Amino acid sequence: MTHPLRQHIEEIIHLTDEEFNFVLSHFQQIKKRKHQYIVQEGEYVNREYWIIKGCLKSYFITDRGKEHILQFGMENWWITDYEAFIKQTKSKISIDCIEDSELLYITYENREKLTAEMHKMERFWAKKSKMGRIALQNRVLSLLKNSTKEQYEMLLEQYPKLFQRVPKKMIAAYLGVSRETLSRLNS
């Protein structure tokens, strides 16, 4: 059976068995329970995570205690505080597990080393980065030009399984609306 990370990488680049084993040697696997953090606001970030199994959220909480969810992460998604990871600074967000999760992580040093030694992986992460920027741009445009109902419907269309895995309260925090507003959209 092919390793799920290999399947994921090979959606963009092809790897020989030897190359994949070299790539995999730069990763560590961890398991986290529901509600455990992988990144906490104010801590230095030295890891990028790939989700084997589970569901996570990245978010920040305002001074008034309101939670704003920036991103959900599910199987085959990458997640971290990218500014803190790339700049090697303290995180401005937190990331925790909505479900029990299995993750692979790569440290900043190992990622830099791997991309320097294997240009295929440099191309892989460049492509993933471009796709991430496109997704972010589409999210910002959706927030600026679409009604909450339209945003809700787009999210439901793009990620129908998310609604089975995430409480409505979190969907509301992602859309920037109250739970009550979300209930009205649902009816």
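The rules we used
- Residues numbered from 1 in each chain as written.
- Predicted model: local features only at pLDDT ≥ 70, side-chain atom pairs only at ≥ 80, totals over all residues.
- Heavy atoms only, no water.
- Pairing = 2+ DSSP bridges.
- Helix = DSSP H or I, 4+ residues; strand = E, 2+ residues; numbered from the N terminus.
- Axes fitted to C-alpha atoms, helices over the stretch in contact; angles between N-to-C directions.
- Contact = heavy atoms within 4.5 Å.

**Digging into the sheet that holds strand β5 (residues 67-73)**
On the basis of which strands lie adjacent, the open sheet formed by four strands has the order β2-β7-β4-β5 and antiparallel pairing. The sheet is open, and its two borders are formed by β2 (37-39) and β5, each paired with just one other strand. The mean angle between the axes of side-by-side strands here comes to 30°, regardless of whether they run parallel or antiparallel. In terms of strand pairing, strand β4 (residues 56-61) meets β5 through six bridges, oriented antiparallel. Bridged to Tyr 59 within β5 is Ile 69. Its contacts with the sheet place helix α8 (residues 168-175) against β4 and β5, and it is angled at close to 105° to β5.

**So, the sheet that holds strand β6 (residues 78-79)**
Overall, antiparallel pairing links the four strands, which are arranged β1-β8-β3-β6 in an open sheet. One side of each edge strand has no neighbouring strand; the edge strands of this open sheet are β1 (27-32) and β6. Relative to β6, strand β3 (residues 47-53) runs antiparallel, the two sharing two bridges. Across the sheet, residue Trp 50 finds its bridge partner in β6, namely Trp 78. The sheet contacts of helix α4 (residues 108-117) involve β3 and β8 (101-107), and relative to β8 the element is tilted by about 65°.

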